[in-house]
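Residue-level listing of the chains:
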Amino acid sequence: MNILAVESSCDETAVAIVQDGRKVLTDCIASQVDLHRIYGGVVPEIASRKHIEAIYGLADEALKNADLTRRDIDAVAVTYAPGLIGAVLVGVNFAKAAALAMNKPLVPVHHIRGHIAANYLAYPELKPPFLCLVVSGGHTMLVDVKDYTSVEILGGTLDDAAGESFDKVARVLGMPYPGGAALDKAATLGDERKYDLPRAKAGQNPYDMSFSGLKTAALNLIHHAEQIGEELDVNSLCAAFSAAVSDTLVPRTMAALQQTGYKKLAVAGGVAANSRIRADITRAAEKLGAEVYMPPLSLCGDNAAMIGAQGYYEYLAGNLADMSLNAYATKSILGESI
Ligand code: KG4
Ligand code: ZN
């Protein structure tokens, strides 16, 4: 089954064709990052306009790359939530028009479920149930993936997402948007012991976390150094920050792994590209005898292939939409009716 998949929730316009949820026939992405970099972050209105400009051409390119015609497409999957509302709407409207024109089913996909499904593309043998640490720009949570379309949230951030805090600290350090990857690179050159940053406890739920105190502590440290004219060791601060984020994520993930009894741990989302987190997760999971699944860097960030992967399983579960499908800025991953 060939699914034409569409993703436009933030600043990447993406169209992919995925076969049977596991095989990427083509994965086309038009990134707007360079454009938004001028403003230090995503400008929603510009993102929507650029999605409209790119999406039709990308869909043609996807068919051409895969050497397919419209007749070879069996369904259209699209990110319908969460994201920048104007941006998500572009993808949803395009997908509705495509599904209507081709007379094929329309499959709505939750963006975070898509991130988790990136692992199905990287690991054809991976099947639920498993635990997934979701770490993206806007979300940080521990998800019990009971089945392809049945998930439970065990805990998550009570304030900032991990990616958001990486980006904020990187921005104040003068790194270009989105700063997570640049901060990660700088961290590999630093000494994490040089700066002391907090590891916050959050609430009663052992799987909940908080990043806002850590972010504020790092920003205060940077501003204080500026005020007293002290030269900051940027690489070491990045190392200390990455270590603190990882120390917040990894023990909770391991505790959840033990509680669920799962021997399979997946990581998903843009921050899953972080080298420190990848290394710490791998080491800690090994101690518990658990298998670790992490998408290659190309599938960690936003892409449409992951939407095609999850779209396949949503289709099999009968989770289809009609032409009344709407886009949502926020929506729970739990999958209440659309
Ligand atoms: O999942 P994603 O592409 O978009 C959302 O759905 O939010 O995640 C983007 C986030 C950004 O905050 C970006 O800075 C972060 O992922 N990111 C990283 C790294 N690569 C991307 N954060 C830390 N280390 C990285 N290597
Ligand atoms: Zn994303």
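Each remark here, short or long, concerns the structure printed above.
Residues numbered from 1 in each chain as written. Chains lettered and ligands numbered in written order. Predicted model: local features only at pLDDT ≥ 70, side-chain atom pairs only at ≥ 80, totals over all residues. Heavy atoms only, no water.

Enquirer: Can you lay out the coordination of the zinc ion (ligand 2) for me, pointing to particular residues and giving the numbers?
Expert: Bound to the zinc ion (ligand 2) on the protein side are His 111 (NE2), His 115 (NE2) and Asp 302 (OD), at distances that span 2.0 to 2.1 Å. Each of the four donor atoms around the zinc ion (ligand 2) contributes to a set of angles spanning 95 to 128 degrees, which defines the coordination as tetrahedral. In the primary sequence, the donor residues of the zinc ion (ligand 2) line up as H-x3-H-x186-D. Within this pair, whereas His 111 is found in helix α4 (residues 111–122), its partner Asp 302 is found in the loop between α10 (297–300) and α11 (305–316), the two being separated by 191 residues in sequence. Neither His 111 nor Asp 302 differs from the other in exposure class; each is buried. (Donors = N, O, S within 2.8 Å, 3.2 Å for Na, K, Ca; no water. Tetrahedral: all angles 85-135°; square planar, octahedral: opposite > 155°, others 65-115°. Helix = DSSP H or I, 4+ residues; strand = E, 2+ residues; numbered from the N terminus. Buried < 20%, exposed > 50% of the residue type's maximum accessible area, 1.4 Å probe, protein only.)

Enquirer: Which residues make up the site of ligand 1, and what values do they have?
Expert: Around ligand 1 there are 19 residues in total, and His 115, Gly 137, Asp 167, Asp 184 and Gly 270 lie nearest to it. Asp 302 is positioned such that a nitrogen or oxygen atom in its backbone is 3.2 Å from an oxygen atom of ligand 1. When ligand 1 is considered free in solution it has 560 Å² of accessible area, and contact with the protein chains removes 83% of it. Considered class by class, the residues forming the shell around ligand 1 number five nonpolar, eleven polar and three charged. (Near = heavy atom within 4 Å. Polar contact = N/O pair within 3.5 Å; in protein donor to acceptor, adjacent residues only side chain to side chain. Areas by Shrake-Rupley, 256 points an atom, 1.4 Å probe, with all protein chains shown as cover. Nonpolar A, V, L, I, M, F, W, Y, C, P; charged D, E, K, R; others polar.)

Enquirer: Residue-level account of the environment of Ala 75, with values.
Expert: Within the fold, Ala 75 resides in strand β4 (residues 75–81). In this structure Ala 75 comes out as buried when scored by relative accessible area, which is 0%. As a C-alpha pair, Ala 75 and Pro 108 span 33 residues in sequence and 11 Å in three-dimensional space. Among all residues touching Ala 75, those that are not within four sequence positions of it are Met 1, Asn 2, Ile 3, Leu 4, Lys 104, Pro 105 and Val 107. (Contact = heavy atoms within 4.5 Å.)

Enquirer: Before we move on, could you go through the sheet that holds β4 and cite the residues and values that matter?
Expert: With respect to topology, five strands assemble into an open sheet ordered β3-β2-β1-β4-β5, the strand pairing being mixed. The open sheet has two edge strands with one neighbour each: β3 (23–31) and β5 (106–110). Each neighbouring strand pair of the sheet contributes to a mean axis angle of 20 degrees, computed without reference to strand direction. As paired strands, strand β1 (residues 2–7) and strand β2 (residues 12–19) are joined by six bridges and run antiparallel to one another. Each residue of the ladder has a partner; that of Val 6, found in β2, is Val 15. Against the sheet, helix α3 (residues 85–102) touches β1, β4 and β5, its axis set at about 160 degrees to β4. (Pairing = 2+ DSSP bridges. Axes fitted to C-alpha atoms, helices over the stretch in contact; angles between N-to-C directions.)

Enquirer: I'd like a rundown of α4, residues and numbers included.
Expert: Relative to the 16 Å expected for twelve residues at 1.5 Å per residue, α4 spans 17 Å between its end C-alpha atoms, a close match to the ideal helical length. Burial runs high along α4: eleven of the twelve residues are buried. Restricting attention to buried positions, one finds in α4 the residues His 111, Ile 112, Arg 113, Gly 114, His 115, Ile 116, Ala 117, Ala 118, Asn 119, Tyr 120 and Leu 121. (Expected span 1.5 Å × (residues − 1).)

Enquirer: Go over the side chain of Thr 26, please, and point to the residues and values.
Expert: The residue Thr 26 is located in strand β3 in this model. Exposure remark for Thr 26: the relative accessible area of 7% places this residue in the buried category. A distance of 3.3 Å separates the side chain of Thr 26 from the side chain of Asn 65, its partner in a polar contact. Each residue touching Thr 26, except ones within four places of it in the same chain, is listed here: Val 15, Ala 16, Ile 17, Ala 62, Asn 65 and Ala 66.

Enquirer: Go over helix α9 (residues 275–287), please, and point to the residues and values.
Expert: Taking 1.5 Å per residue, 13 residues should reach 18 Å; α9 reaches 19 Å between its end C-alpha atoms and fits that length. The complete set of buried residues in α9 reads Ile 277, Arg 278, Asp 280, Ile 281, Ala 284 and Ala 285. Those residues of α9 that are buried lie in contact with β6 (130–135), α5 (162–172), α8 (234–260), β9 (264–268), β10 (291–293) and α10. Where α9 begins, the capping side chain belongs to Asn 274, and its oxygen is found 3.1 Å from the backbone nitrogen of Arg 276. In the stretch just after α9, Gly 289 is the one whose phi turns positive, near 70 degrees.

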